[in-house]
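Below are the chains, spelled out letter by letter.
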Amino acid sequence: MESAAFVCAFLLAACCCCRRAAGVPGEAEQPVPELVEVEVGSTALLKCGSSHSPGNSSHVDWFSVHKEKPTLIFRVHQGQGQSEPGEYQHRLSLQGRGATLALAHVTPHDERIFLCRGKRPRTQEHRIQLQVYKAPEEPSIQVNAVGISVNSQEPEEVATCVGRNGYPVPQVTWYKNGLPLKEKKNRVHIQSSQIVESSGLYTLQSVLKAQLVKEDKDAQFYCELSYRLPSGNHMKESREVTVPVFYPAEKVWLEVAPVGMVKEGDRVEIRCLADGNPPPHFSISKQNPRTGEMEEENTNDNGILVLEPAQKEHSGLYECQGLDLDTMQSLSEKQELLVNYVSDVQVSPAKPMSHEGSSLTLTCAAESNQALEFQWLREETGEVLGQGPMLQLHHLKREAGGGYLCLASVPSVPGLNRTQLVNVAVYGSPWMASKERKLRVRENEVVSLSCEASGHPRPTISWSVNSTAQEQDKGPQSVLSILNVLVTPELLETGAECVASNSLGRNTTVIFLELVNLTTLPPDSNTTADLSTSTHLRTSTVSPHARANSTSTEKKLSEQESKGVVIVAVIVCILVLAVLGAVLYFLYKKGKLPCGRSGKQEMERSTSI
């Protein structure tokens, strides 16, 4: 039995060797097809045979091979081509001398083997593998907007990447912060799938799942599609996305704005912050300085404690408390707030009074939690009078009366200062700027006369004209009186006298009224326009601040009045000179004017007689 089996095996092997040696048709290995690469939508050029052995292309049959089954699609007879009915009927044509078949509008369904078979001088076959490519569209990425908790026990979906209409299926790679991600058990999982569209193109969908940690809260994720074209390898990247990561807080703290030194009057905002996401529920408390207990403060809708304006009473110990509602863990942090202040600025004496020629010392004091600097200024002018808490005034004059400012400031806290005003009274009789004044008016018009006087005690003002006057306070030591009167001949003759008096004396000033003379006014005078009004209100003011000496007499004329006086004086001088010249010329012509030597001798004789 064993011998018979051995003989059978030997005979079978010998038979196979004889068949292989004899070259039985159909049993020989198929040659490797020629590879032709083309993009979807373009034209594929199929050559029957290589350029080194073109053969006879006048009689060629073309076949498409699908599932190992060849189908005739094109015939070439005596150099003329004819398409066979079917899917390629309208897309095939001959190129050149008939050895190249052109397939237009290539689709993914055209990826197959094409066979050309020549009939003369002997049967020859040439196989062509058509490889089709299509670049996918730009990849789109959709992030998990709900977010991922670090407490999750398994990988959660981070983002989904979609690449549409590519061929063949592109390769996808996920990146985090520029580094590629790889599958890792229980940490990273990438799930990809593809859909075949009716066009034969592929749509790829890839889902990245990962277990994230707190440090991934700012991580940038994106996907990359790798694909091939006839020109080589290519890739496309999606945009970067960040997924919300939820993690419990480990600490809380207080944030105070503005940063740095806080002063009274500032708008101060105190808020709680935490390193958790989402942040815990916050509350802000302040320590009661009397009991030492923390008392919760009222915050706005955003959980911010606003102190506006900040005061020194807002200084103290503040506490931020945070409660994580997921873990029910409570965290707290305390911080001291210091509101720098300057308060209770006082000047002594509070109502300083002194006599002319004497001296006076003013002292300024204030409270602050920082070192203070003092400066003295004059209220009316802002002039800096001195530095330090004391200001000494020597040889007082009337002008020294008035307001003085003490400015207490903190150099270490810019903008922190307070001022206190004190009025210095210098005893003296009423002081007025001038003894008399002239005012040009028109008869029967109403004019407004003003008179100002100062002194301590503050003077009262009366008028020599019987009319109602209005008084206005110009300061602790000054008063202004305004009198409206009708211009009458009696008033033109006597004028109006203003009398200021106090317990230390009295002083007067007289306002004289003059009628308007149009001939003495310059061309640009407004008097002509004023004449069109029957009643005109005109104001004359006598101010005590115009001169420093109340006993001096001052006669002031307005600029237009001065111009009129000058013009009148010039005209009078010219007229006098003209008359004098005419008289001299007349005497000279009559011979009554002695001139020359004879005239001189005649005068001497008349003198001796």
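Residues numbered from 1 in each chain as written. Predicted model: local features only at pLDDT ≥ 70, side-chain atom pairs only at ≥ 80, totals over all residues. Heavy atoms only, no water.

(A) A look at the overall build of the protein chain. Counting its secondary structure elements, the protein chain contains five helices and 44 strands. Here the analysis covers contacts within the protein chain between residues at least 6 apart in sequence; of these, 63% occur between residues at least 24 apart. Counting every atom, the protein chain has about 36500 Å² of accessible surface; 52% of that belongs to carbon and sulfur. (Helix = DSSP H or I, 4+ residues; strand = E, 2+ residues; numbered from the N terminus. Contact = heavy atoms within 4.5 Å. Areas by Shrake-Rupley, 256 points an atom, 1.4 Å probe, with all protein chains shown as cover.)

(B) A look at the state of the cysteines. Going through the model one piece at a time under the given rule, you end up with five disulfides. Bridging Cys-48 to Cys-116, the disulfide has an S-S length of 2.0 Å. Negative torsions about the S-S bond denote left-handed disulfides, and the value of about 90 degrees found for Cys-48 with Cys-116 makes this one right-handed. Residue Cys-48 is located in the loop between β2 (44–47) and β3 (59–66), and its partner Cys-116 is located in strand β8 (residues 113–118); the two are separated by 68 residues in the primary sequence. Owing to a relative accessible area of 16%, Cys-48 belongs among the buried residues under this scheme. Classification of Cys-116 as buried rests on a relative accessible area of 0%. Here Cys-451 pairs with Cys-498 through a disulfide, and the sulfurs are 2.1 Å apart. Its S-S torsion of approximately -85 degrees makes the covalent link between Cys-451 and Cys-498 left-handed. Here Cys-498 lies in strand β42 (residues 496–502) and Cys-451 lies in strand β38 (residues 446–456), a separation of 47 residues in the sequence. Looking at the protein chain, its bonded cysteines, counted consecutively from the start of the sequence, adopt the pairing 1-2, 3-4, 5-6, 7-8, 9-10. (Disulfide = S-S within 2.5 Å. Buried < 20%, exposed > 50% of the residue type's maximum accessible area, 1.4 Å probe, protein only.)

(C) Layout of the pattern of salt bridges. Applying the stated criterion across every chain yields a total of 21 salt bridges. Note that Arg-228 is salt-bridged to Glu-37, the shortest N-O span being 3.5 Å. Separated by 191 residues along the polypeptide, Arg-228 in strand β17 (residues 221–229) and Glu-37 in strand β1 (residues 34–39) bring together distant segments of the chain. In this structure Arg-228 comes out as partly exposed when scored by relative accessible area, which is 34%. Residue classification places Glu-37 among the partly exposed positions, given a relative accessible area of 29%. A salt bridge links Glu-87 to Arg-112; its shortest N-O distance comes to 3.4 Å. Of the two residues, Glu-87 is situated in the loop between β5 (80–83) and β6 (92–95) and Arg-112 in the loop between β7 (100–103) and β8; the sequence distance between them amounts to 25 residues. Judged by relative accessible area, which is 11%, Arg-112 ranks as buried. Salt bridges here are not isolated pairs; linked through shared partners, they connect Glu-255, Arg-267, Glu-269, Arg-271 and Glu-308. (Salt bridge = Lys/Arg side-chain N within 4 Å of Asp/Glu carboxyl O.)

Honestly, that's just the spatial picture; any functional story needs more than this.
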